[in-house]
Amino acid sequence: MLKMYLSLIRIRFLMMLAYRVNYYSGIVIYSLNIGVYYFLWMAIYGDGQSLGGLTPGQMATYIAIAWMSRAFYFNNLDREIAQEIRDGTVAIELIRPYHYLMVKLFQGFGEGLFRLLLFSLPGMVLVSLIFPISLPGMMDSSWFYFSLSLLGGFLINAQLNILTGLLAFFILNNQGLIRAKRVLVDLLSGLTLPIHFYPEWAQGILSFLPFQAISYSPNMILIGGWSGHEIGQALLIQGIWVILLCLPIQLLWTRARKTLIVQGG
Amino acid sequence: MFHIQIFIEYFKQYLKTRLEYRGDFFAQFATDLLFQGVNLVFILVVFSHTTNLHGWSREEVIFIYGYFLVPYAIFSTFFNLWDFNERYIIKGELDRVLTRPVHSLVQVIMETMTPESLLGVVTGLAVMGWSMSQMDYVWTMMDVVFFFLFVVGGVAIYGGIYIALTSISLFSDSKTDIQPIMYNIGNYGRYPVNLYSRIIQFVLTWILPFAFVGFYPASFLLGSSDWKTFAFLTPIVGGIYFTIGVMIWNWGIRHYRGAGN
Amino acid sequence: MLSIDARNLTKEFKVYQSRSGLLGAFRDLLDRKYRVIRAVNGINLQIKQGEIVGYIGENGAGKSTTIKMLTGILQPTSGELRVNGYDPHRQREAFVRTIGVVFGQRSQLWWDIAVKESFRLLQKVYRVPEDQYQKHMTRVIEVLEIGSLIDQPVRKLSLGQRMRCELAAALIHQPSLLFLDEPTIGLDVLVKENIRRFLREINQEYGTTILLTTHDLSDIEALCNRVIILDKGNIIYDGHLEQLRTKWGDGKRVFLELERDFPLSILEEKTGGLPITWEKRGPKIFTAYLTSKEVSVSNLIAHLLPEIAIKEMEIKEATTEEIVRKIYQEGMVHA
């Protein structure tokens, strides 16, 4: 079973390599994104030395890491699932000897791994030559917690994508929903705005939503913005979300399969 | 004249289809509003930590954003080419388009347009109106004329770039993610460009001239004369980029390999 | 007058090759190899106004590439091409006004709107005057028996219903040349018959030239007097269907049931010197293959009688399908 999933990752890897145009343009454009947000934030800092507890240097690092991790956790599972539901390939997937959603998850993971190794790493080198970015030393334990948290972020984002994709079973055209979700995730996950920049009341609400666990938590861990206690808490919250999100997915999936049977594929 | 007639016909058909899928219609409305709201939220949150961005006040930045929404809304109404590769190349609908006696790009645009996106014009005007009333700023008659010119230029720039990007599909049917990423970059024209480094300013002005869609004309309409020359260049840059886009499209059509090979 | 005049028409495609394995894929990222494939290899094709021509070939023979060049969708790599007097790709917009196209596997109509609305839109697109549209389409709709269908959206129609609507849509502007790509694929016999009758009618009445690609050779038999066979980008046969039969359909078979059983060698001896081979298929049951046109069935019987009495006899000529299959298997026509 594991072997099959590993080969799924490998195939995705190959697929990603096949799309060369994407690869090159991706590196350039992500670097451009980092640049633009960097200048925007430096303008916001102005002459100030600290905003929301972060120094300009920490903020620059935050932006770079946020975008480079986005390359890892971002995927199109929502669109792919919706597409396969609309054109009916899901019905065929159901007779195959594996769990469709697990397959999707692993495909997304293969894609993410590809971008992490071939995109984020060289991208990070490039970006750190241009902008004043400071990362922890190689042996620093925050790398370990960061990796854990990054994986958590990937899982939560993938789960949200699967959920949105599955809605295609019940809503004829959920493309608008998919786009809306994407925008919301970018805003509320801490990618464009670190969560503690929001007003108090908004932070209160956001702490009850899964989005901050996607980007904000891993970023804060790596830039050294959190104490050991806070890191532990963040990882725990991520774990809880991963488990909680399984429930609605399972619910939708069961109902979806029923409708599939009723409609006769 | 022929194209206007054809456009009206397509529009009628569009309405009929849309009436069949009313849910989609409102979903599009709602997501558009959400998009516009999310960006406002960003600006508002940022300004809760600072009083100015490189000398631009909150109201001014909001005005620039409101202006940007107008050409952007018109652009997204007519250049809804996101799934061009999927629908026209992989599923082969371009073959059908090419057997009809109307320019292929015109047909594709008419078949994919989403007039409900025009709502963004209203939102944009409202946002601009609000910030102008906050600043007690009033336009002259000439400003209104320039506004129209700038908007047309902005739409042409956006349109030209997206036509060029969409044309990539005509050369190679492999998927590209450039369009959604380009969308991200496009949004940077709506902040004052003088806060970016020279290289980025250069890119946003001469390579991917998104600064002409938002910042340059908007700053002029705000009464700032620092970027006056650039503002006036907007319609010309629009003309150039649109022409380049259409030329690349035509070139791509000559290279088109047909579906299912 | 020539409807289609193609000289040395060639289309080449670049095909990218990927290396195998993960390492290969990495290398592809940096430098990619491609080779050039000639889908259509310098063909010459002249079709006169009013002809109905069948264009056949196996998958990948270059059929649809040719059709796409003739309809202006693809630009030829080299060669000269005039269709209805136009250069199809360069003068596309003016040219396509004079042709009608039906792709059997792909809808020409708008999926979500009623067929009637699609017709109306096409009327405007092709700038057909109202009175001409009314007169012409009333007739087309009647003959194709689609009057009750055109208020429904395309997605609700069955394949046969849709295909008849597609045909009607392709004729709105009364084109003088009609391209049909697999028009009867997946249709039942009655619908096929209806469509064929209609095609014959418009051909006779308006002198419409029809170029038809199909896998179903009964279409060709029912409609075409000329057939063109394509193989690996080359035309390997261009001529009358009848000629194809006489030239290639030389394999007449005679099934015989005899009064008594004989060993094969006796029969072979009896017809020795004639181009006939024998096969024993059971006790008293034989097949005689007449491998040349020189020998006739009566010739065969004359040699067998009177020693060998025949109880039952059946003569079978090769079907067009068998002939074509044979041509593919043997490759180029020697002619």
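Rules and cut-offs
- Residues numbered from 1 in each chain as written.
- Chains lettered and ligands numbered in written order.
- Predicted model: local features only at pLDDT ≥ 70, side-chain atom pairs only at ≥ 80, totals over all residues.
- Heavy atoms only, no water.
- Axes fitted to C-alpha atoms, helices over the stretch in contact; angles between N-to-C directions.
- Helix = DSSP H or I, 4+ residues; strand = E, 2+ residues; numbered from the N terminus.
- Parallel < 35°, antiparallel > 145°, perpendicular 65-115°, else oblique.
- Left-handed = near helix turned anticlockwise from the far one by under 90°.
- Contact = heavy atoms within 4.5 Å.
- Pairing = 2+ DSSP bridges.
- Salt bridge = Lys/Arg side-chain N within 4 Å of Asp/Glu carboxyl O.
- Buried < 20%, exposed > 50% of the residue type's maximum accessible area, 1.4 Å probe, protein only.
- Expected span 1.5 Å × (residues − 1).
- Buried area = accessible area lost by both parts, 1.4 Å probe.
- Phe/Tyr/Trp six-rings, centres within 6.5 Å; stacked < 30°, edge-to-face > 60°.
- Lys NZ or Arg CZ within 6 Å of the ring centre and 35° of its normal.
- Patch = residues over 30% accessible without salt bridge, like charges linked within 9 Å, V, L, I, M, F, W, Y side chains within 5 Å.
- Areas by Shrake-Rupley, 256 points an atom, 1.4 Å probe, with all protein chains shown as cover.

**Thoughts on the packing of helix H4 (residues 115–125) of chain C against helix H5 (residues 130–143) of chain C**
Residues and elements named next belong to chain C.
Now for step 1: The contact between H4 and H5 brings their axes to 12 Å, and the two run at 140°. By the criterion of interaxial angle, the relationship of H4 to H5 is oblique. The handedness of the crossing between H4 and H5 is right-handed. Side by side, H4 and H5 meet where Phe119, Arg120 and Gln123 of the first sit next to Glu130, Tyr133, Gln134, Met137 and Ile141 of the second.

**Some details on the sheet that holds strand S2 (residues 33–48) of chain C**
Residues and elements named next belong to chain C.
Now for step 1: Pairing is antiparallel across the open sheet formed by three strands, whose spatial order is S2-S1-S4. Each edge of the open sheet carries a strand with a single partner, namely S2 and strand S4 (78–83). Across the sheet, the axes of successive neighbouring strands diverge by a mean angle of 25°, strand direction being ignored.
Now for step 2: Note: strand S1 (residues 2–17) against S4, five bridges, orientation antiparallel. Pairing of Asp5 across the sheet is with Arg82, part of S4.
Now for step 3: Seen against the sheet, helix H2 (residues 63–70) touches S1, S2 and S4 and runs at an angle of roughly 120° to S1.

**Concerning the pattern of salt bridges**
Pairs may arise between side chains of opposite charge once their charged atoms sit close together.
Now for step 1: Within the structure shown, the criterion is met by 31 salt bridges over all chains.
Now for step 2: The residue Glu12 of chain C makes a salt bridge to Arg38 of chain C at a minimum N-O spacing of 2.8 Å. One end of the pair, Glu12 of chain C, is in strand S1; the other, Arg38 of chain C, is in strand S2, and 26 residues separate them in sequence.
Now for step 3: Taking the shortest distance from any N to any O, the salt bridge between Arg139 of chain C and Glu201 of chain C comes out at 3.1 Å. Of this pair, Arg139 of chain C sits in helix H5 while Glu201 of chain C sits in helix H7 (residues 189–206), and the two are 62 residues apart along the sequence.
Now for step 4: Accessibility expressed as a relative area gives 31% for Arg139 of chain C, which makes it partly exposed.
Now for step 5: Look at Glu201 of chain C and you get partly exposed, because its relative accessible area is 27%.
Now for step 6: Through salt bridges with shared partners, a single network forms among Arg87, Glu93, Arg96 and Glu111 of chain B.

**Things to note about helix H6 (residues 159–170) of chain C**
In an α-helix, one turn spans 3.6 residues; hence positions three or four apart end up facing the same way.
Residue and element names in this part refer to chain C.
Now for step 1: With twelve residues, H6 ought to run about 16 Å at 1.5 Å a step, and its terminal C-alpha atoms sit 16 Å apart, in line with that.
Now for step 2: In terms of burial, H6 is a largely internal element, ten of the twelve residues being buried.
Now for step 3: Along H6, the residues classified as buried are Gly160, Arg162, Met163, Arg164, Cys165, Glu166, Leu167, Ala168, Ala169 and Ala170.

**Observations regarding the interface of chain C and chain B**
Now for step 1: Listed as interface residues are 29 residues of chain C and, on the opposing side, 29 residues of chain B.
Now for step 2: Summed over both sides, the interface between chain C and chain B buries roughly 2,900 Å², with carbon and sulfur atoms accounting for 53% of that surface.
Now for step 3: The largest contributions to the chain C side of the interface with chain B come from Ile73, Arg92 and Val125 of chain C, which together make up 18% of the buried area.
Now for step 4: Summed over the shared surface of chain C and chain B, the number is two salt bridges.
Now for step 5: In this structure, the salt-bridge partner of Asp95 of chain B is Lys68 of chain C, at a minimum N-O distance of 3.2 Å.

**Some details on the environment of Trp227 of chain B**
All names here are of chain B.
Now for step 1: Here Trp227 is to be found in the loop between helix H11 (215–221) and helix H12 (228–255).
Now for step 2: On the basis of relative accessible area, Trp227 is assigned to the buried category, the value being 14%.
Now for step 3: Taking the C-alpha atoms as reference points, Trp227 and Ile89, 138 residues apart in sequence, are found 42 Å from one another.

**Regarding the sheet that holds strand S9 (residues 234–240) of chain C**
All names here are of chain C.
Now for step 1: On the basis of which strands lie adjacent, the open sheet formed by six strands has the order S5-S6-S7-S3-S8-S9 and mixed pairing. Only two strands of the sheet have a single neighbouring strand rather than two, namely strand S5 (99–103) and S9. Each strand axis lies, on average, 15° off the axis of its neighbour in the sheet, ignoring direction.
Now for step 2: Docked against the sheet, H6 engages S5 and strand S6 (177–181), running at close to 165° with respect to S5.

**A short note on the packing of aromatic side chains**
Now for step 1: On inspection of all chains with the given rule, the structure shows 58 aromatic pairs over all chains.
Now for step 2: Seen from their ring centres, Phe75 of chain B and Phe79 of chain B are 5.7 Å apart, and the 15° between their planes marks the pair as stacked. For the pair formed by Phe75 of chain B and Phe79 of chain B, the shared burial category is buried.
Now for step 3: Members of the aromatic cluster, joined through ring pairs, are Tyr65, Phe68, Tyr72, Phe75, Phe79, Tyr158, Tyr162, Phe210 and Phe242 of chain B.
Now for step 4: The ring of Trp110 of chain C carries the charged tip of Arg96 of chain B above its face, separated from the ring centre by 5.8 Å.

**Quick notes on the pairing of S5 of chain C**
Residues and elements named next belong to chain C.
Now for step 1: Most of S5 is tucked away, with five of its five residues classed as buried.
Now for step 2: Residues Ile99, Val101 and Phe103 of S5 are buried on one face, and the alternating residues Gly100 and Val102, pointing to the opposite face, are buried as well.
Now for step 3: Two elements, S5 and S6, share five bridges in a ladder whose sense is parallel. Of the residues in S6, the one forming a bridge with Gly100 is Leu178.

**Describing a nonpolar patch on the surface**
Residues and elements named next belong to chain A.
Now for step 1: Side chains of Val125, Leu126, Leu129 and Ile130 sit close together on the surface and give an oily, nonpolar patch of about 420 Å² of accessible area.
Now for step 2: With respect to the helices and strands, the residue Leu126 is situated in helix H6 (residues 100–130).
Now for step 3: According to the relative accessible area criterion, Leu126 is partly exposed, its value standing at 39%.

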